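Observations on the model geometry
Chain by chain, the residues:
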Amino acid sequence: MSSQAGNPADNQLANKSQAWSALFSEPMSELVKRYTASVDFDKRLWAADIEGSLAHADMLAAQGIIGADDLAAIQRGMAQIREEIASGRFEWKLDLEDVHLNIEARLTELAGLAGKRLHTGRSRNDQVATDVRLWLRGEIDTLVGLLSELQRVLVGQAERHADVILPGFTHLQVAQPVAFGHHMLAYVEMFARDVERLLDARKRVNRLPLGAAALAGTSYPLDRERVARTLGMEGVAQNSLDAVSDRDFAIEFSAAAALIMVHISRLSEELILWMSQAFGFIALPDRFCTGSSIMPQKKNPDVPELARGKSGRVVGHLMGLITLMKGQPLAYNKDNQEDKEPLFDTVDTLSDTLRIFAEMMDGLTVKAEAMERAALKGYATATDLADYLVKKGLAFRDAHEIVAHAVKTAQAQGVDLSALSLEALRAFDARIGEDVYEVLSLAGSLNARNILGGTAPAQVRAQVARHRARLGAGVGADAKA
Ligand code: ARG
């Protein structure tokens, strides 16, 4: 049975499907092989896998567990493997199940016994947990950059449209006028919180499982702190069972990602509404829209619609991951292999969406007149009239009732409150004077809300300045200035 066990120069990983042991008496069926293999998708982790292996090897040598010549051979082999993978020449083998065994097998081809020594004091269980963390850390940093860029674009729109008046809605009924810039900055707040959440999750992503080995730790005198330092990790997982089985970090990340997509989805919904003929508030650049194969007049907001749809898919991945962990006994179980595809798809969907939105939102055309016309339709300054009466001495509830009567009268005449004559207005309350017309104007209503967090254009400009200082210039800022 055991020709493999005989010669130490044999590369066990290279030439059998049951790579790990002579114990197995029958090969896997093709179907089971395909079912259990992950290399088709986890090869994406190759750079992290090599980085983790090199840090491990460096430490093994420093601890005298492998020789300096072994380390050198491992480093040379890994440099070549890197090159082969990057250039597309690496031959990935399904027989070798996953990215880890593929790379280790090739290393052993290239580096002989040194390659076989790499896995000392390590298991694929702590190896894969390390790889996913390293990979995700890099992706988080990219996503933070994309979120910052999107915020910068929205801040730019806010600045250009600090005075543009939009009907603010509650219950999708005209409520009070707001500055379009204020509305854009609401999304900036959401994306800023998203960045905070990602960076907070990053702290827990950035901890080292290596050294936990299969589940119990290892008998070799590994220097785990050294490996953590080499990999730029902020700490070492303190319990080996937890280290190999913990996927909280993936779930936390997915939750943050799902929330980002929810924010994108809400923005999408507004863009779609605003672009419909009934609103006519905005236009999206043509390159983000498509036409209809039958209706020649159509221009459809496909990108925001798709983004709204894709939010479902990212939320779905969160559900998948959280369900994956439920009921798993300690420590590692093969279930965990299922963490990768949802994570990869989450990252891909999110980064494409954020890139597209930064470009699309920058090209948004704002139709200020249509927004203002709509704001004039819904008695959006009724609250301002009530506040005016309160300032003249009425109790708010009485003022509220008086204004309701005024709105009813204006509605019957089909006009805005500001179109009622002073005489007509004074019939509701004699305290009303000429100065009421400033109060009833949309601009007056905005300017009145000159309070921290309010919609007054002066506040919008102050917020724009705050965000600018916070976000910095960013990539491509020169080109746009
Ligand atoms: N491909 C595996 C995964 O993604 C690697 C770890 C395998 N460990 C094991 N004991 N089978 O989880």
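Residues numbered from 1 in each chain as written. Predicted model: local features only at pLDDT ≥ 70, side-chain atom pairs only at ≥ 80, totals over all residues. Heavy atoms only, no water.

The condition that has to hold: UniProt positions are given in the numbering used here, feature names are shortened, and annotations may be inferred rather than shown by experiment.
Taking an unreviewed UniProt entry as the reference, the protein is identified by name as Argininosuccinate lyase belonging to Roseateles aquatilis. UniProt lists a comment for the protein under the heading Subcellular location (unreviewed entry), and it reads "Cytoplasm".

**Remarks on the overall build of the protein**
Note the threshold: Secondary structure is summarised from DSSP: a helix means a run of H or I of at least four residues, a strand means a run of E of at least two, and numbering begins at the N terminus for each. Radius of gyration: over C-alpha atoms. The globule rule applied is 2.2 Å multiplied by the number of residues raised to the 0.38 power. For each residue, the accessible area found with a 1.4 Å probe, counting protein chains only, is set against the maximum for its type, and the residue is called buried under 20%, exposed over 50%, and partly exposed in between. Two residues qualify as a contact provided that any one of their heavy atoms is within 4.5 Å of a heavy atom in the partner residue.
Across its full length, the protein carries 22 helices and 6 strands. The C-alpha radius of gyration computed for the protein amounts to 31 Å, which surpasses the reference 23 Å derived for 481 residues by more than 25%, pointing to a less compact arrangement than a globule. Principal axes of the C-alpha set define a box for the protein whose edges measure 105 × 55 × 50 Å. Counting only residues that meet the buried cut, the protein has 50% of its 481 residues in that class. Excluding contacts between residues fewer than 6 apart, the proportion of contacts in the protein whose partners are at least 24 apart in sequence is 74%.

**Topic: the pattern of salt bridges**
Pairs may arise between side chains of opposite charge once their charged atoms sit close together. For clarity, the threshold we go by: Every case where a carboxyl oxygen of Asp or Glu lies within 4 Å of a side-chain nitrogen of Lys or Arg is listed as a salt bridge.
For the coordinates displayed, the defined rule picks out 32 salt bridges. One salt bridge connects Glu 159 with Arg 468, and the closest N-O pair in it is separated by 2.8 Å. Within this pair, whereas Glu 159 is found in helix α8 (residues 124–160), its partner Arg 468 is found in helix α21 (residues 457–471), the two being separated by 309 residues in sequence. Given the relative accessible area of 43%, Glu 159 is considered partly exposed. The exposure class assigned to Arg 468 is partly exposed, which follows from its relative accessible area of 36%. For the salt bridge of Lys 392 with Asp 435, the shortest nitrogen-to-oxygen distance reads 3.5 Å. Taken together, the residues Lys 392 in the loop between α16 (382–391) and α17 (396–413) and Asp 435 in the loop between α18 (422–426) and α19 (436–440) connect sequence positions 43 residues apart. The class for Asp 435 is partly exposed, based on a relative accessible area of 42%. Taken together, the shared-partner salt bridges in this structure form one network comprising Glu 97, Asp 98, Arg 124 and Lys 334.

**Structural notes on the packing of aromatic side chains**
Going by this rule: The pairing test for Phe, Tyr and Trp rings, Trp by its six-membered ring, is centres within 6.5 Å, and the orientation test on the planes gives stacked under 30 degrees, edge-to-face over 60, and tilted for anything in between.
In total, this model carries 5 aromatic pairs according to the counting rule given. Judged by centre distance (4.5 Å) and plane angle (55°), the ring pair of Phe 90 and Trp 92 falls under tilted. A ring pair is formed by Phe 169 and Phe 279, whose centres lie 6.1 Å apart and whose planes are at 80°; its orientation type is edge-to-face. With Phe 169 in strand β1 (residues 165–170) and Phe 279 in the loop between α12 (248–275) and β5 (282–283), this pair connects stretches of sequence that are 110 residues apart.

**Here we look at the site of the ligand**
Here is the rule: Residues are counted as near a molecule or strand when any one of their heavy atoms sits within 4 Å of it. Within 3.5 Å is the distance limit for a polar contact, defined as a pair of N or O atoms, with the added protein rule that one can donate a hydrogen and the other accept it, and that residues adjacent in sequence qualify only through two side-chain atoms. Here the accessible surface of atoms and residues is derived via Shrake-Rupley with a 1.4 Å probe, and residues count as covered only by protein chains that are part of the display.
Inspection of the region around the ligand gives Ser 38, Asp 42, Asp 98, His 100, Arg 124, Asn 125, Val 128, Tyr 332, Gln 337 and Lys 340 as its neighbouring residues. Within the side chain of Gln 337, a nitrogen or oxygen atom sits 2.8 Å from a nitrogen atom of the ligand. Within the complex, 86% of the 350 Å² of free accessible area of the ligand lies under protein. Examining the composition of the shell around the ligand, we find that 3 residues originate from one element, α8, more than from any other.

**A look at unusual backbone geometry**
In this model, Leu 330 is joined to Ala 331 through a cis peptide bond whose omega is 0°. On the secondary structure map, Ala 331 appears in the loop between α13 (302–325) and α14 (340–362). Phi is positive for Ala 213, close to 55°, though the residue is something other than glycine. Looking at where Ala 213 falls in the secondary structure, it is placed in the loop between β3 (207–208) and α10 (224–230).

**Describing the pairing of strand β2 (residues 173–179)**
Inclusion rule: A strand pair is defined by DSSP finding two or more bridges across the two strands.
Strand direction decides the pairing type here: β1 and β2, joined by 6 bridges, are antiparallel. Residue pairing in the sheet places Pro 167 in a bridge with Pro 177 of β2. Counting the residues in the hairpin turn of β1 and β2 gives 2 residues, including His 171, whose phi is positive at 60°.

**Some thoughts on a nonpolar patch on the surface**
Rules: Patch definition: residues with relative accessible area over 30% and no salt bridge; like charges joined within 9 Å; nonpolar side chains (Val, Leu, Ile, Met, Phe, Trp, Tyr) joined within 5 Å.
On the surface, a nonpolar cluster with roughly 260 Å² of combined accessible area is contributed by Leu 215, Leu 241 and Leu 330. In this fold, Leu 330 is placed in the loop between α13 and α14. Judged by its relative accessible area of 61%, Leu 330 is exposed.

**Side note on the confidence of the model for the protein**
How we decide: What pLDDT expresses is the predictor's confidence in each residue, scored from 0 to 100.
Summary statistics for the protein give a mean pLDDT of 94 and a share of 95% for residues scoring 70 or more. Below pLDDT 50 for its whole length, residues 1–6 participates in 7 contacts with residues either more than four positions away or in separate chains. Considering only residues more than four positions removed or in separate chains, one finds that residues 476–481, a stretch of pLDDT under 50, has 3 contacts.

**Remarks on the packing of α8 against helix α9 (residues 180–205)**
What counts here: Here an axis means a line fitted to C-alpha atoms, over the contact stretch when the element is a helix, while the angle between two N-to-C directions is reported on a 0 to 180 degree scale. Oblique is the label for any angle not under 35 degrees, not over 145, and not in the 65 to 115 range, which are roughly parallel, roughly antiparallel and roughly perpendicular in turn. Each helix crossing is assigned a hand: it is left-handed if the near helix lies turned anticlockwise from the far helix by less than a right angle, otherwise right-handed if that turn is clockwise. All amino acids are sorted into three groups, where Ala, Val, Leu, Ile, Met, Phe, Trp, Tyr, Cys and Pro are nonpolar, Asp, Glu, Lys and Arg are charged, and the leftover types, Gly among them, are polar.
The geometry of α8 relative to α9 is characterised by a closest axis approach of 9 Å and an angle of 165° between their N-to-C directions. The angle between the axes of α8 and α9 places the two elements in the roughly antiparallel class. Regarding α8 and α9, the two cross each other, and that crossing is left-handed. Its residues assigned to classes, the contact of α8 with α9 shows 19 nonpolar, 3 polar and 6 charged.

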